[in-house]
Amino acid sequence: MAPSARSPAIRLLYTLSSSLKTTSSPLLTGSRRTFSAGDPARVEAEWWKESMERLRNIGISAHIDSGKTTLTERILYYTGRIHEIHEVRGRDGVGAKMDSMDLEREKGITIQSAATYCSWKDYQVNIIDTPGHVDFTIEVERALRVLDGAILVLCSVGGVQSQSITVDRQMRRYDVPRVAFINKLDRMGADPWKVLSQARSKLRHHNAAVQVPIGLEDDFLGLVDLVQLKAYYFHGSSGEKVVTGEIPANMEALVAEKRRELIEMVSEVDDKLAESFLNDEPISSASLEEAIRRATIAQKFIPVFMGSAFKNKGVQPLLDGVLSYLPCPIEVANYALDQNKNEEKVTLSGTPVGPLVALAFKLEEGRFGQLTYLRIYEGVIRKGDFIINVNTGKKIKFCHGESPKGLYGLVPRLVRMHSNEMEDIQEAHAGQIVAVFGVDCASGDTFTDGSVKYTMTSMNVPEPVMSLAISPVSKDSGGQFSKALNRFQKEDPTFRVGLDAESGQTIISGMGELHLDIYVERMRREYKVDATVGRPRVNFRETVTQRANFDYLHKKQSGGQGQYGRVCGYIEPLPEGSSIKFEFENMIVGQAIPSNFIPAIEKGFREAANSGSLIGHPVENIRVVLTDGAAHTVDSSELAFKLAAIYAFRQCYTASKPVILEPVMLVELKSPTEFQGTVTGDINKRKGLIVGNDQEGDDSVVTAHGMKVRGVPLNNMFGYSTSLRSMTQGKGEFTMEYKEHSPVSQEVQMQLVNNYKAVKAAENS
């Protein structure tokens, strides 16, 4: 096909494909994805195929302090994206490129996921660096939702930790193929083989090392590649010169053993390699590499790389591994739901020649308005193109340029992100991650060009577990205070804002103490609003434990039209493990209650369930069944039936034997062995039960779940970091993540109910 005969979309990607070779110019349950296991034959040999095959979308995820941001900094340096290396915590006054917020540089942690792009060996790589702290788990969720592959970073000293398990679970949820990178081999106590074994036992990884380190700790000099059978050394001030050498003589036996183990592990999941292995045929480097790629993309195998990002060793071979073993966009099958065909599942081609389908997965408030991150799954988007928000179908507010109908909007500015820097581009195609300004939408909305009505399934959003009462110190800052809360809510689906109906206080809810502290500090820095914060408050819930019947008649006559509504039925707990928290079912046969009043009855029950009678917290896991009722031809109204439902709920709630649910946490502690007795004793006092106690060098690692409820109650963990430091002379550390809501003990329930009654009595006096 001659270039002159191509359509504009074809010319666009023909240019992209050509320029990629000649320049270094870079570029809620989630949807289920399948992979072609390295066989792109399902895609026709089109003009854009080579361009798409040379594209990778990857995320870097791990537990806190494993070296994710340091690794990303080295990747950007070696690919020429940045020209100087800066360290985390901003010790040199600059800080790592991907930690663009002042708070991130001060605290030495990643708070928001950051996107960037680079080129490596004529391949285009989009990278998202994600936080490691469990409080910011939503950042990991929305990154993995849109990525094709990932690097799971593990610490060679700390090994597999609780947050490693959480991140790996998220990768499984979104069917993301991954490679593992065991970092910090230069650290004292580094043991990559122990970590590899932990990944097999704790993460259930079918894995094997593709590299062997040459020395460890202070003697860590380089790596031996088990696929290519070469030794790599990293010279230069920043490890930028990769020198290839022969395998050291004293390592030949170990290398042979580990290569055979690698071949055996891959043979178990790849039939083609297994045939050669069982026939005792020699396994070439090329055939082994192809087998690893097939198995990795099929999510049957995880190759394990090694190195030390801080010491500039092992990063370039890891980049080669990303190109060799992780999929390109056309090797991933993504699904959309066709709204015109009752949400029928549609497989997206993932190519630039189809209709535009893009997902808004992250929102930020920038200097120029709302910045919306898009993953383009199909088609091409250009600056000035018409796009439609399928989820709302409403007018999209843009910076400028609206169509007369108001349903479409012109894309005013299209950019590629490099941390907090932006590069304007004119167009982008399927497989790319870009950002647009001027689009008013919510996280999880789908955009098309209007020719199809597809929506992408949303990401998993966990429920907040902690709340704080917050108010501005100065009444004059009320406007900025509201503006800050609105912006934070829009950016972060796990950050919620509500109003306590009784006290009138503003309540913010989130995933933990650090999560909420960060937003209070951001409010002070970015909006100049000092806020007064109350004591952390646990997000309790209530639920029913048995069936209870209701039969309530709401009748009121005060002259003129009265109120009349009778509802009969029962409430009962939902089955354990139910994905919904409230279910209403109308089982009335006939017209005992006119059908136009049924929505008002459901609304009344939902409103009543927002505040249980035990401690005033929402009631969850409840099913309301309406079986009978009565109406009056004149006096019945929506209001009458809504009130009847509210009073009926209160009438039968006590008979259903309600209980209080509290959030319980999975806690992992690490402290020197001499403090083990004190630490475990303190956990027992906090109603925790020790279920695991491992030894890692001189440290004791304790895993604690709660007594009976398999988790340590969050209410007993406030201020624990200070207590742990005190008990361990500052040497202890812990991680904590939400596990579930479980019933409290009878003693605790009585205490909570009495406290609630005392507060109510004080307010009424």
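See the structure above.
Residues numbered from 1 in each chain as written. Predicted model: local features only at pLDDT ≥ 70, side-chain atom pairs only at ≥ 80, totals over all residues. Heavy atoms only, no water.

Chemist: Give a description of the overall build of the chain that names residues and reports values.
Modeler: A count of helical and extended segments in the chain gives 18 helices and 41 strands. Relative to its full complement of 765 residues, the chain shows a buried share of 55%. Carbon and sulfur atoms make up 48% of the accessible area of the chain, which totals about 32700 Å². (Helix = DSSP H or I, 4+ residues; strand = E, 2+ residues; numbered from the N terminus. Buried < 20%, exposed > 50% of the residue type's maximum accessible area, 1.4 Å probe, protein only. Areas by Shrake-Rupley, 256 points an atom, 1.4 Å probe, with all protein chains shown as cover.)

Chemist: Give me the lowdown on the nonpolar core, citing residues and values where you can.
Modeler: Ranked by size, the top nonpolar core spans 46 residues in total, and within it Leu71, Ile151, Leu262 and Ile292 carry the most contacts. Looking at this core, the element that brings in the most residues is helix α11 (residues 315-325), giving 6 residues. When neighbours within four sequence positions are excluded, isoleucine 151 is seen to be in contact with Ile58, Gly59, Ile60, Ser61, Leu71, Met171, Val179, Phe181, Leu318 and Val322. Counting 40 residues, the second largest nonpolar core, distinct from the first, contains Leu485, Val538, Val667 and Phe718. (Core = buried A, V, L, I, M, F, W, Y, C linked by side-chain atoms within 4.5 Å. Contact = heavy atoms within 4.5 Å.)

Chemist: An account of the sheet that holds strand β12 (residues 302-306) is needed here, citing residue identities and associated values.
Modeler: Across the sheet, 7 strands lie side by side as β3-β4-β2-β5-β6-β12-β7; this open sheet has mixed pairing. Of all strands in the sheet, those bounded by a partner on one side alone are β3 (114-120) and β7 (207-209). Averaged over neighbouring strand pairs, the angle between their axes works out to 25° when direction is ignored. In terms of strand pairing, strand β5 (residues 149-155) meets strand β6 (residues 178-183) through 6 bridges, oriented parallel. Counted as the bridge partner of alanine 150 is arginine 178 from β6. (Pairing = 2+ DSSP bridges. Axes fitted to C-alpha atoms, helices over the stretch in contact; angles between N-to-C directions.)

Chemist: Before we move on, can you summarise helix α18 (residues 746-764) with the specific residues and values?
Modeler: Over its 19 residues, α18 runs 27 Å from end to end, which matches the ideal 27 Å to within 8%, given 1.5 Å per residue. Taken residue by residue, α18 has Val748, Gln749, Leu752, Val753 and Tyr756 as its buried positions. Buried residues of α18, viewed axially, fall in a sector of 130°; they line one side. Those residues of α18 that are exposed and angled more than 90 degrees off the buried face are Gln746, Glu747, Lys757 and Ala762. Buried residues in α18 make contact with β37 (659-672). (Expected span 1.5 Å × (residues − 1). Arc of directions from axis to C-beta.)

Chemist: An account of unusual backbone geometry is needed here, citing residue identities and associated values.
Modeler: Most peptide bonds are trans, and most residues other than glycine sit at a negative phi. One non-glycine residue with positive phi stands out, namely aspartate 175, at about 55°. Unlike most non-glycine residues, asparagine 621 shows phi in positive territory, near 55°. Here asparagine 621 shows up in the loop between α14 (598-609) and β36 (622-630). Of the residues examined, asparagine 621 reaches a relative accessible area of 28% and is grouped as partly exposed.

Chemist: Could you give me a rundown of the pairing of strand β15 (residues 344-347), with the residues and numbers involved?
Modeler: The side chains of a regular strand alternate, first on one face of the sheet and then on the other. Relative to β15, strand β14 (residues 335-338) runs antiparallel, the two sharing 4 bridges. Paired with leucine 337 across the bridge in β15 is lysine 345. Counted between consecutive antiparallel strands, the loop separating β14 from β15 contains 5 residues, among which asparagine 342 sits at a positive phi close to 55°.

Chemist: Go over helix α5 (residues 137-146) with me, naming the residues and quoting the values.
Modeler: Across the 10 residues that make up α5, a large majority, 10, are buried. Every buried residue belonging to α5 is among Thr137, Ile138, Glu139, Val140, Glu141, Arg142, Ala143, Leu144, Arg145 and Val146, and all of these are buried.

Chemist: Got a sec to walk through the environment of phenylalanine 641? Specific residues and values, please.
Modeler: As for its placement among the helices and strands, phenylalanine 641 is situated in helix α15 (residues 638-653). A C-alpha to C-alpha distance of 9.5 Å links phenylalanine 641 and lysine 603, two positions 38 residues apart in sequence. Apart from residues no more than four positions distant in its own chain, phenylalanine 641 is found in contact with Tyr564, Gly565, Arg566, Val567, Ile593, Phe597, Ile601, Ala630, Ala631 and Ser636.

Chemist: Tell me about the environment of asparagine 279, and name the residues and values.
Modeler: Locating asparagine 279 in the fold gives a position in the loop between α9 (271-278) and α10 (285-297). Classification of asparagine 279 as partly exposed rests on a relative accessible area of 47%. One polar contact links the side chain of asparagine 279 to the main-chain carbonyl oxygen of glutamate 275, over a distance of 3.0 Å. (Polar contact = N/O pair within 3.5 Å; in protein donor to acceptor, adjacent residues only side chain to side chain.)

Chemist: Give me the lowdown on the packing of helix α12 (residues 478-491) against helix α13 (residues 513-527), citing residues and values where you can.
Modeler: The N-to-C vectors of α12 and α13 enclose an angle of 125°; their axes lie 10 Å apart at closest approach. One element, α12, and the other, α13, form an angle in the oblique class. The chirality of how α12 crosses α13 is right-handed. Across the interface between the two elements, Gln480, Phe481, Lys483, Ala484, Leu485, Arg487, Phe488 and Glu491 of α12 pack against Tyr519, Arg522, Met523, Glu526 and Tyr527 of α13. Looking at the contact of α12 with α13, its residues break down into 7 nonpolar, 1 polar and 5 charged. (Parallel < 35°, antiparallel > 145°, perpendicular 65-115°, else oblique. Left-handed = near helix turned anticlockwise from the far one by under 90°. Nonpolar A, V, L, I, M, F, W, Y, C, P; charged D, E, K, R; others polar.)

Chemist: I'd like to hear about the sheet that holds strand β34 (residues 563-573), residue by residue, with values.
Modeler: If you trace the 4 strands from one edge of the open sheet to the other, you get β33-β34-β36-β35, paired in mixed fashion. Two strands close off the open sheet at either side, each with one partner strand: β33 (548-556) and β35 (582-586). The average angle at which neighbouring strand axes cross in this sheet is 25°, direction not considered. One ladder, built from 9 bridges, connects β33 with β34; its direction is antiparallel. When the sheet's bridge partners are listed, histidine 554 is paired in β34 with glycine 565.

Chemist: Explain a negative patch on the surface to me, using residue names and the numbers behind them.
Modeler: On the surface, Asp271, Glu275, Asp280 and Glu281 cluster together into a patch of negative charge. Within the element layout of this structure, glutamate 281 appears in the loop between α9 and α10. (Patch = residues over 30% accessible without salt bridge, like charges linked within 9 Å, V, L, I, M, F, W, Y side chains within 5 Å. Salt bridge = Lys/Arg side-chain N within 4 Å of Asp/Glu carboxyl O. Lys, Arg positive; Asp, Glu negative; His and termini not counted. Charge placed at Lys NZ, Arg CZ, Asp CG, Glu CD.)

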